[in-house]
Amino acid sequence: MDQNLIEQCQRGNAFAQKRLFDRYANRLYRVCLRYVRHEPEAEEVLMNGFLKIFRSIDGFRYQNENALEAWLRRIIVNEALQHLRARRSLPTFYAEDALAAEADPLPLPDAGLDADRITELIAQLPPGYRTVFNLYVVEGYNHREIAEQLRITENTSKSQLSKARAMLQDLLLKNGYEAERRRTH
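Cut-offs applied
- Residues numbered from 1 in each chain as written.
- Predicted model: local features only at pLDDT ≥ 70, side-chain atom pairs only at ≥ 80, totals over all residues.
- Heavy atoms only, no water.
- Helix = DSSP H or I, 4+ residues; strand = E, 2+ residues; numbered from the N terminus.
- Buried < 20%, exposed > 50% of the residue type's maximum accessible area, 1.4 Å probe, protein only.
- Contact = heavy atoms within 4.5 Å.
- Areas by Shrake-Rupley, 256 points an atom, 1.4 Å probe, with all protein chains shown as cover.
- Axes fitted to C-alpha atoms, helices over the stretch in contact; angles between N-to-C directions.
- Parallel < 35°, antiparallel > 145°, perpendicular 65-115°, else oblique.
- Left-handed = near helix turned anticlockwise from the far one by under 90°.
- Phe/Tyr/Trp six-rings, centres within 6.5 Å; stacked < 30°, edge-to-face > 60°.
- pLDDT = per-residue confidence, 0-100.
- Arc of directions from axis to C-beta.
- Core = buried A, V, L, I, M, F, W, Y, C linked by side-chain atoms within 4.5 Å.
- Nonpolar A, V, L, I, M, F, W, Y, C, P; charged D, E, K, R; others polar.

## Focus: the overall build of the protein
Counting its regular elements, the protein contains 9 helices and 0 strands. If you list the helices and strands of the protein from N to C, you get α-α-α-α-α-α-α-α-α. Looking at the protein residue by residue over its 185 residues, the buried ones come to 41%. Here the analysis covers contacts within the protein between residues at least 6 apart in sequence; of these, 72% occur between residues at least 24 apart. A total accessible area of about 10,600 Å² is found for the protein, and carbon and sulfur atoms account for 48% of it.

## Digging into the environment of Ala 80
Along the chain, Ala 80 turns up in helix α4 (residues 65-86). Separated by 31 residues in the primary sequence, Ala 80 and Gly 49 have C-alpha atoms spaced 8.2 Å apart.

## Quick word on helix α7 (residues 127-138)
Within the span of α7, buried status applies to Gly 128, Tyr 129, Arg 130, Thr 131, Val 132, Phe 133, Asn 134 and Leu 135. Just past α7, the residue Gly 140 takes up positive phi, approximately 85 degrees.

## Let's talk about the packing of helix α1 (residues 2-10) against helix α2 (residues 14-35)
Two numbers describe how α1 lies on α2: the axes approach to 8 Å, and their chain directions differ by 130 degrees. Between α1 and α2, the crossing angle belongs to the class labelled oblique. Here the hand of the crossing between α1 and α2 comes out left-handed. On the side of α1, the interface is formed by Asp 2, Leu 5, Ile 6, Gln 8 and Cys 9, while α2 contributes Ala 16, Gln 17, Arg 19, Leu 20, Arg 23 and Tyr 24.

## Some details on the packing of aromatic side chains
Summed over the entire model, instances satisfying the criterion amount to 3 aromatic pairs. Grouping aromatic residues by their ring pairs yields a cluster made of Phe 21, Phe 50 and Phe 54.

## A few points about the confidence of the model for the protein
Mean pLDDT for the protein: 82, with 81% of residues reaching 70 or above. No element of the protein has a lower mean pLDDT than helix α5 (residues 95-99), which averages 40, and none a higher one than helix α3 (residues 39-56), which averages 95. The low-confidence segment residues 93-111 (pLDDT under 50) makes 40 contacts with residues lying over four places distant or belonging to another chain. Across residues 180-185, confidence stays below pLDDT 50; counting only partners more than four residues off in sequence or on other chains, it has 4 contacts.

## Observations regarding α1
Looking only at α1, the buried set comprises Asp 2, Leu 5, Ile 6 and Cys 9. Down the axis, α1 shows its buried residues gathered within 100 degrees of arc, on one side only. Along its buried surface, α1 packs onto α2, α3 and α4. Gly 12 lies just past α1 and shows a positive phi near 85 degrees.

## Observations regarding the nonpolar core
Core analysis: the biggest nonpolar cluster contains 48 residues, and Leu 20, Tyr 35, Leu 46, Ile 53, Leu 68, Trp 71 and Leu 135 have the highest contact counts within it. Secondary structure elements with two or more residues in this core: α1, α2, α3, α4, α6 (115-123), α7, α8 (143-150) and α9 (154-174). Residue contacts for Trp 71: discarding those within four places in its chain leaves Ile 53, Ser 56, Ile 57 and Phe 60.

## Structural notes on the packing of α7 against α9
Where α7 meets α9, the axes come as close as 8 Å, and the angle between the chain directions of the two elements is 100 degrees. By the criterion of interaxial angle, the relationship of α7 to α9 is roughly perpendicular. Along its contact with α7, which presents Gly 128, Tyr 129, Val 132, Phe 133, Tyr 136 and Val 137, the element α9 presents Ser 157, Gln 160, Leu 161, Lys 163, Ala 164, Arg 165, Met 167 and Leu 168. Within the contact of α7 with α9, the residues separate by chemical class into 9 nonpolar, 3 polar and 2 charged.

## Regarding the side chain of Arg 34
Structurally, Arg 34 is set in helix α2. Here Arg 34 falls in the buried class, since its relative accessible area comes to 14%. Setting aside anything within four residues of it in sequence, one finds Arg 34 in contact with Arg 73, Arg 130, Asn 134, Val 138 and Glu 139.

Right, here's the structure in full:
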């Protein structure tokens, strides 16, 4: 069904485009909200992202639904990053940030977590931390890819992730989540 839908979208069928939008908009909107905090901005990112999707869909070759969703997410994430850059919401990363990179980041609490509440707490992170955290933890980018996307060094990406994890851990603890203690003997 998705392959037929994509083929119809590639032919410029407005009904098929609406169906594609309706099928993925909610999931992709949540992706937008992870990068931009305010709903109107997230809606703007989503709409601009879908415009890019429909403009570039001719180049997409359907393999399966997972590949389609990954392609859509990548466009939306790129649009969110472009939005943050245009609004100068991504802070400048400084070289000293790279010096604070930790090889072994703090473990996050992982028992009894409510996904919606965690998403709210992630949204409280400063833009740079939140962006690197989302790209690395949620989207699965590696530090080299993040560095290229954000025009920073790999060590700065590692530092921002470490700081994001530490801040998120503090937020989780302040909100009643217990950290799992990992002891090695």
